[in-house]
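Tertiary structure, described
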Amino acid sequence: MTSLSRRGFLSAALIGLAPKSGRTIAGGFVNESQGLGHRLRDGGPFATPPRTRRAAVVIVGGGVAGLSAAWRLARRGVDDFVVLEMESAAGGNARWGENAVSAYPWAAHYVPVPGRAAGLVKELFTDLGVFDGVQWDERHLVHAPRERLFIHGRWQEGLDPAVGPTRRDRDQFARFDERIAQHRATGRFTIPMAVGTDHRATPAEDALSMAAWLDRERFDSPWLRWMVDYACRDDYGALSGDVSAWAGLMYFAARDAEEAGPLTWPEGNGWIVRRLLERFGARVQTNQIAYRIEPRGRRWRVLTPEVAWEAETVIVAAPLLVATRLVDGAPRPRLTSSPWLTANLTLDRWPHEAGFGMAWDNVIFDSPALGYVVATHQQLRVQVRRTVWTYYWALAHQPAPAARRWLLDQSWSTLRDRVIVDLGRAHPDLHDCVSRVDIMRLGHAMVRPSPGLLSDPSWRALQAGHDRLFYAHSDLSGLPLFEEAQYRGVLAADRAVAVLGRS
Ligand SMILES: Cc1cc2nc3c(=O)[nH]c(=O)nc-3n(C[C@H](O)[C@H](O)[C@H](O)COP(=O)(O)OP(=O)(O)OC[C@H]3O[C@@H](n4cnc5c(N)ncnc54)[C@H](O)[C@@H]3O)c2cc1C
């Protein structure tokens, strides 16, 4: 397990009993950093750094945005930078783990094959040898079958319910597709969003929720509404009533209708993080929490308990909720973040099931959670005896603060049982197959693109940055996606290079 020290892991490990069985299931909570996060929120206390060091650029946060900023700086010939990451491993929401069976993701697990607007993503994948300018290396494209749905007591291929929707429902699906095609054709819905969205004007769809948009457009099919809710939970960790129509439409209209991918790996987007760390990992310092960023003459000072860094320019790639508390004088937009739980289940054998065979992405229709992806799916071996499943649960059905409190109050064994019971709808003998369940609680996993976010003046001010300090996080787009994190990191790096006066 790369994202946790061995000592930390052993102390977190617990032994428990699965429901309905005497079989012991090991596991525990991993990557628990709520304590540090809350200390940042409350303003400390943190030790005063005993020494000072200098760097041209200090990047705070080693998630995809911070590492993308580093990638861009390195490509532009700037090598006097440092990345400060508070956790024991870099990657943020693209962190991964590994055991004797497989590597597996802790959160982000795929990147769609980049469309026309995502030139930077193509550039990265060309650099990493995944794309040769014409073709994608098939080892990195998801293998078939890609997805399946458990509904009416059995698995079916694909996520569109085959049995259940009436003629009227199907007409609404067709009309919805038409409306999406019209929106796609406007060119306003792109990922990264900055390519298609005029930053001086707020899109009208930001003012209402996705659910209100569906009402306005007279889409009342429960099947269609389930699909849209699923999409909003999947990308934003929230129901369609809690995200803007702009974000909801973005999910459908910004992607090509027929996409070959996505690109995926056993460790999810951790594969990309690994490749980036191979290049400049020596400049990434882990267990380094920045607790204050303040101006000092023409420079910025970034304080960690060990070092006071003095930098010509700073890139703050921490989530906005944190970033706005670190930086002296930062504007503070009203942000809601979505709480999530992810779990990695190690299986000693495959459980029984009915219907269409195992896919990469496996969704259960009447579950509050999002289902699971199979970490061993990309293996070329015909017989895979043991496997790891990554289970995703956005706690979208209660208000975010209540869901966060509930999540923190639960014991590991309670949450483990919830996960196994939920998956047991589709795999009744699952508890006899699982040997380990590790759980990660992400109280503030991602920013929620709530209605009105794009018109918040504080949020807009953050996009501009301060004097010689630039924010870089997917939160700045309001869309928690790899492409947005990469775009924000690269943009901040380009601004930093301009400050340094280097070509
Ligand atoms: C459960 C889940 C599943 C997801 N799945 C996908 C997916 O499949 N595909 C996809 O495209 N996106 C997915 N995402 C979205 C994901 O958030 C983005 O793709 C992307 O990884 C975000 O990168 P980031 O750098 O913007 O933010 P983060 O990943 O939040 O990185 C911020 C970093 O800053 C560090 N940090 C914070 N405060 C400090 C401090 N004070 N000092 C030092 N360091 C600090 C954090 O530890 C973290 O490493 C998922 C998100 C979640 C939660």
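Look a little higher up for the structure.
Summarised in this report is the structure supplied together with it. (Residues numbered from 1 in each chain as written. Predicted model: local features only at pLDDT ≥ 70, side-chain atom pairs only at ≥ 80, totals over all residues. Heavy atoms only, no water.)

1. Describing the overall build of the protein
Within the protein, the regular secondary structure consists of 15 helices and 20 strands. By the compact-globule yardstick of 23 Å for 503 residues, the protein fits well, its C-alpha radius of gyration being 22 Å. Principal-axis analysis of the C-alpha atoms places the extent of the protein at approximately 65 × 55 × 45 Å. Across the 503 residues in the protein, those meeting the buried criterion constitute 58%. Here the protein displays about 20,600 Å² of accessible surface, and carbon together with sulfur accounts for 50% of that area. (Helix = DSSP H or I, 4+ residues; strand = E, 2+ residues; numbered from the N terminus. Rg over C-alpha atoms; globule rule 2.2 N^0.38 Å. Buried < 20%, exposed > 50% of the residue type's maximum accessible area, 1.4 Å probe, protein only. Areas by Shrake-Rupley, 256 points an atom, 1.4 Å probe, with all protein chains shown as cover.)

2. Concerning empty space enclosed by the protein
Any empty space left between the atoms is revealed when a probe the size of a water molecule rolls over them. Tallied over the full model, the rule gives 1 cavity of 30 Å³ or more. By volume, the largest cavity is sized at about 40 Å³. Here the residues of the lining of the largest cavity are counted per class, giving 7 nonpolar, 4 polar and no charged. (1 Å grid on protein atoms, 1.4 Å probe; cavity = no way out; pocket = protein on both sides within 12 Å on 5 of 7 lines; lining within 4 Å. Points joined across faces, edges and corners; volume = space filled by probe spheres on them. Nonpolar A, V, L, I, M, F, W, Y, C, P; charged D, E, K, R; others polar.)

3. Focus on the nonpolar core
By size, the foremost hydrophobic cluster in this structure holds 86 residues, and its most contacted members are F176 and M210. Residue assignment places this core across two domains, with domain 1 (37–88 + 286–334 + 450–500) and domain 2 (147–260) each supplying three or more. (Core = buried A, V, L, I, M, F, W, Y, C linked by side-chain atoms within 4.5 Å. Domains from an automatic or database assignment.)

4. Considering the side chain of N362
Within the element layout of this structure, N362 appears in strand β16 (residues 361–364). When its relative accessible area of 0% is taken as the criterion, N362 is described as buried.

5. Some words on the environment of P428
Considering the arrangement of structural elements, one finds P428 in the loop between α13 (412–424) and β19 (434–447). Relative accessible area serves as the criterion here: at 54%, P428 is assigned to the exposed category. Along the sequence, P428 and P351 sit 77 residues apart, while their C-alpha atoms lie 7.8 Å from each other.

6. Details of the site of the ligand
Neighbouring residues of the ligand: 37 residues in total, closest E85, N93, H473, S474 and F482. Between the ligand and A65 there is a distance of 2.8 Å, counted from an oxygen atom to a backbone nitrogen or oxygen. Contacts to the ligand include N93, whose backbone N or O atom sits 2.7 Å from an oxygen atom. About the coverage of the ligand: the protein hides 95% of its 990 Å² of free accessible area. Where the shell around the ligand is concerned, the elements lending two or more residues are α3 (64–75), α11 (320–326), β15 (337–347), β19 and α15 (482–500). (Near = heavy atom within 4 Å. Polar contact = N/O pair within 3.5 Å; in protein donor to acceptor, adjacent residues only side chain to side chain.)

7. A few points about the pairing of strand β12 (residues 292–296)
Pairing between β12 and strand β13 (residues 299–303): 5 bridges, direction antiparallel. In the sheet register, R292 faces β13, and the bridge partner there is L303. Counted along the chain from β12 to the antiparallel partner β13, the turn is 2 residues long, and its residue G297 has a positive phi close to 60°. (Pairing = 2+ DSSP bridges.)

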